[in-house]
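Structural overview for review
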Amino acid sequence: MAAPAGHPAWEARSEYSEEALAAALADVPELARLLEIDPYLKPFAPDFQRRYKLFSKTLNNIGENEGGIDKFSRGYESFGVHRCADGGLYCKEWAPGAEGVFLTGDFNDWNPFAYPYKKLDFGKWELYIPPKQNRSVLVPHGSKLKVVIRSKSGEILYRISPWAKYVTRDSDNVNYDWIHWDPEHPYKFKHSKPKKPRGLRIYESHVGISSYEGKIASYKHFTCNILPRIKDLGYNCIQMMAIMEHAYYASFGYQITSFFAASSRFGTPEELKELVDTAHSMGITVLLDVVHSHASKNSEDGLNMFDGTESCYFHYGPRGNHNLWDSRLFAYSSWEVLRFLLSNIRWWLEEYGFDGFRFDGVTSMLYHHHGIGQNFSGDYHEYFGLQVDEDALTYIMLANHLVHTLYPDSITIAEDVSGMPALCFPISLGGGGFDYRLAMAVPDKWIQLLKEYKDEDWNMGNIVYTLTNRRYLEKCIAYAESHDQALVGDKTLAFWLMDAEMYTNMSVLTPFTPVIDRGIQLHKMIRLITHALGGEGYLNFMGNEFGHPEWLDFPRKGNNESYHYARRQFHLTDDDLLRYKFLNNFDRDMNKLEERCHWLSAPQAHVSEEHETNKIIAFERAGLLFVFNFHPSNSYTDYRLGTTVPGKYKIVLDSDAAEYGGHQRLDHNTDFFSKPFEHNNCPYSLLVYIPNRVALVLQNVDLPN
């Protein structure tokens, strides 16, 4: 039973809370600012205090014991295998559960015990092999290596170093081989990194599926053929998936086996560097999809059981396993695990020139329950307390601190479905340090509407709520669909809209069918309203901009190892006789308009109308007036729209235009003049003809650009 008001327990609690709040404000430099932004977080000030102190303590410990995070995050400079200036070889590993460690390979005819490592403190082992008398290379570039582990039970295990920079698999081999990568002429970057984009327009990309041919595409193919398309479409950022090496292609790159190795199925490390460098020459920012939330269970060619124990890099027992993903979970409180992961972050930034990261599986990292079976309601108690894995959160804060310290213009994005408060605020405020989070509820809303509701039953208010329901001042990446929606078992928006008719009725030589007409019009509207209203960044998965047909399915036993659905048919949009070009044109011009008007970096939109009967949504952002008529049949003549700014308006984007597969019902030479006639709580209004299933963008030409 709760104590009544005035009870000493209440007074003690109030006094304690005030004391706790004061202590938290003293410890977290800018916590007061966070609590001013969201006063409802005040009861949880001690949680922010504890998190920040754990981060600070770990950072200070790194400083005292390792000489700072700068030195600590350069683990790849000593761990693994390195050619010395004198021609010798220096090798180092962390294998706390091993009884003995050895190096073998082509260079010594695979004698497993000829080169034993020396045991150091804290589970580390090192080996120095002196140079040959003739000073020739001891381990040639391209030769195969293995670390040999003698476990405490006496078992002999052949392992790939966790720090291996290149691994490949022969066609007749099940497991990957560790290849010593030490080219005589490594790639030299020619171009500087682009400036941080004002508004992120992300093209989510997978190198392997980027060709229309039924095969794995290469870094070279992507560089020569896909980068120019991305540039032409107006995207200023690429998010590269499946780059970190993964033995199982069908995992989409989310079951990592070698964290420091760029996937060899697409080409060499030097070819990936050329890809990133070429993107930079085009002014395109390149993000890596980094997977530090879990790791593959593979032991022969992965991290698992590296030293013969299950608890080397991972938690021991059930805590070390993710039941849904069938993968291993990192022990983030382990000193050497922190070194490994932070060094991995730095490696991709420095060696390959990436400009930041999209962190996968952040929800799984944040909570001991990993989000499994959780239906996050937004109740703040869900984000604090014992269910939060504060060791993982500390690692997240350290990773963001490292990224933004090394390269202040770098970008980090969190894939978090929970909505953890302050995750995308600076660490000094008590936040997680991310720049953006993915607006993961938005694609779910579109799929729900297309699957469960007739067009006339779409709720305009609910659409607006979903697109605008984000935490104040925490930036979001909005998207109508990503790779998740394209995977087998689901459908892309285009396929939900047009389904089987995409095979027969996409030719411009045949009349519009009702299904294709509806699909093309709604596809454009959904993408534009998501782009303009849904966040501070926008993401599109490769090929979906032009309504790529079918689904995405990697070769596996269940489909007879077929590559038919593991490709992107870009030739469809190049065919002038097919309607895919219309969607491609609209996507390009939508991005180009944002590039010119910068709505993604503007304050959140002012929504003036969400009319349920008329199916009209109207809002203003960045000096533009956006209008959407979702009604399946009703067009409106002289429809009054409210605006906060007087002046002359002109149409700058019209989904009904001929070049976008529209019906050309609007005259783009028309001037629309606002008048001081109050409407929908706006001091001015104008009259516009709005055809059905049309999206319009009007610009106030009296305003300075």
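Residues numbered from 1 in each chain as written. Predicted model: local features only at pLDDT ≥ 70, side-chain atom pairs only at ≥ 80, totals over all residues. Heavy atoms only, no water.

Digging into a nonpolar patch on the surface
- On the surface, a cluster of nonpolar side chains totalling about 240 Å² of accessible area is made up of Phe113, Ile156 and Tyr158.
- Within the secondary structure layout, phenylalanine 113 lies in the loop between strand E3 (98–105) and strand E4 (115–116).
- Among the residues examined, phenylalanine 113 registers a relative accessible area of 37% and is labelled partly exposed. (Patch = residues over 30% accessible without salt bridge, like charges linked within 9 Å, V, L, I, M, F, W, Y side chains within 5 Å. Areas by Shrake-Rupley, 256 points an atom, 1.4 Å probe, with all protein chains shown as cover. Salt bridge = Lys/Arg side-chain N within 4 Å of Asp/Glu carboxyl O. Helix = DSSP H or I, 4+ residues; strand = E, 2+ residues; numbered from the N terminus. Buried < 20%, exposed > 50% of the residue type's maximum accessible area, 1.4 Å probe, protein only.)

Describing the packing of aromatic side chains
- The final tally for this structure, using the stated rule, is 49 aromatic pairs.
- Centre to centre, the rings of phenylalanine 44 and phenylalanine 384 are 4.5 Å apart; their planes meet at 10°, and the pair counts as stacked. With phenylalanine 44 in the loop between helix H2 (31–37) and helix H3 (45–66) and phenylalanine 384 in the loop between helix H8 (362–366) and helix H9 (390–406), this residue pair connects regions lying 340 residues apart in the sequence.
- Its end group placed over the ring of phenylalanine 113, arginine 150 keeps NZ or CZ at 5.5 Å from the ring centre.
- In this arrangement the basic side chain of lysine 193 is found over the ring face of tyrosine 407, its NZ or CZ atom lying 5.0 Å from the centre. (Phe/Tyr/Trp six-rings, centres within 6.5 Å; stacked < 30°, edge-to-face > 60°. Lys NZ or Arg CZ within 6 Å of the ring centre and 35° of its normal.)

Brief notes about the pattern of salt bridges
- Within this structure, the stated rule accounts for 46 salt bridges.
- Put simply, lysine 53 and aspartate 27 hold a salt bridge, and the shortest N to O gap is 3.9 Å. On the criterion of sequence distance, the pair formed by lysine 53 in helix H3 and aspartate 27 in helix H1 (residues 8–27) is long-range, its members being 26 residues apart.
- According to the relative accessible area criterion, lysine 53 is partly exposed, its value standing at 45%.
- Aspartate 27 gets classed as partly exposed once you look at its relative accessible area, which sits at 32%.
- Its salt-bridge partner being lysine 193, residue aspartate 355 comes within 3.1 Å of it at the nearest N-O pair.

Some points on the nonpolar core
- Tyr313, Trp348 and Trp446 are the most contacted members of the largest nonpolar core, which has 186 residues in total.
- The residues contacting tryptophan 348, other than those within four sequence positions of it, are Ile243, Met244, Phe259, Phe260, Ala261, Ala262, Leu272, Leu288, Gly353, Phe354 and Phe357.
- Counting residues in hydrophobic clusters, the runner-up holds 17 residues, among them Val627, Leu686, Ile690 and Val694. (Core = buried A, V, L, I, M, F, W, Y, C linked by side-chain atoms within 4.5 Å. Contact = heavy atoms within 4.5 Å.)

Overview of the UniProt feature "active site" (unreviewed entry) in the chain
- Look at the UniProt record and you will see "active site" (unreviewed entry) annotated at Asp360 and Glu415. Considering the C-alpha atoms alone, the annotated residues occupy 56 residues of sequence yet fold into one spot, their largest mutual distance being 5.4 Å.
- Here aspartate 360 is in contact with Tyr254, Asp289, Val290, Val291, Ser293, His294, Met365 and Glu415, once residues within four sequence places are set aside.
- Structurally, glutamate 415 is set in the loop between strand E19 (411–414) and strand E20 (436–438).
- Looking at glutamate 415, the relative accessible area reads 13%, which means it is buried.
- What glutamate 415 contacts, discounting residues up to four positions off in sequence, is Arg358, Phe359, Asp360, Gly361, Val362, Thr363, Leu438 and Met440. (UniProt positions renumbered as here; feature names shortened; annotations may be inferred.)

Thoughts on the environment of phenylalanine 44
- Given the relative accessible area of 10%, phenylalanine 44 is considered buried.
- Considering only alpha carbons, one finds phenylalanine 44 and phenylalanine 384, 340 residues apart in sequence, at a separation of 7.4 Å.
- When residues no more than four places from it in sequence are discounted, the contact partners of phenylalanine 44 are Tyr380, His381 and Phe384.

Topic: the packing of helix H10 (residues 441–452) against helix H14 (residues 514–533)
- Contact geometry of H10 with H14 gives a least axis separation of 12 Å together with a crossing angle of 155°. Classified by the angle between their axes, H10 and H14 sit roughly antiparallel to one another. Regarding H10 and H14, the two cross each other, and that crossing is right-handed. From H10, Val442, Trp446 and Leu450 reach across to H14, where they touch Arg518, Ile526, Ile529 and Thr530.
- Looking at side-chain class alone, the contact of H10 with H14 contains five nonpolar, one polar and one charged residues. (Axes fitted to C-alpha atoms, helices over the stretch in contact; angles between N-to-C directions. Parallel < 35°, antiparallel > 145°, perpendicular 65-115°, else oblique. Left-handed = near helix turned anticlockwise from the far one by under 90°. Nonpolar A, V, L, I, M, F, W, Y, C, P; charged D, E, K, R; others polar.)

A few points about the pairing of strand E27 (residues 648–654)
- By the bridge criterion, two bridges tie E27 to strand E28 (residues 672–673) in an arrangement that is antiparallel. Bridge pairing in E28 links lysine 648 to phenylalanine 673.
- In terms of strand pairing, E27 meets strand E30 (residues 694–700) through five bridges, oriented antiparallel. The partner of tyrosine 649 across the bridge, within E30, is asparagine 700. (Pairing = 2+ DSSP bridges.)

Quick notes on unusual backbone geometry
- The phi torsion at phenylalanine 252 lies on the positive side, around 65°, for a residue other than glycine.
- As for its placement among the helices and strands, phenylalanine 252 is situated in the loop between strand E13 (244–245) and strand E14 (258–262).
- Located in the positive-phi region is lysine 615, a residue other than glycine, with phi close to 60°.
- Its location among the elements puts lysine 615 in the loop between strand E23 (606–611) and strand E24 (616–621).

So, the pairing of strand E11 (residues 200–206)
- Of all seven residues in E11, seven are buried; the element is thus mostly enclosed.
- The side-chain alternation of E11 yields two buried faces, one formed by Leu200, Ile202, Glu204 and His206 and the other by Arg201, Tyr203 and Ser205.
- For E11 and strand E22 (residues 537–541), the ladder comprises five bridges, and the chain directions are parallel. Across the sheet, leucine 200 pairs through a bridge with glycine 537, a residue of E22.
- Pairing of E11 with strand E12 (residues 237–241) involves five bridges; the strand directions are parallel. Of the residues in E12, the one forming a bridge with histidine 206 is methionine 241.
- Viewed along the sheet, the connection from E11 through helix H5 (residues 219–233) into E12 turns out right-handed. (Right-handed = clockwise from strand over helix to strand, strands pointing away.)

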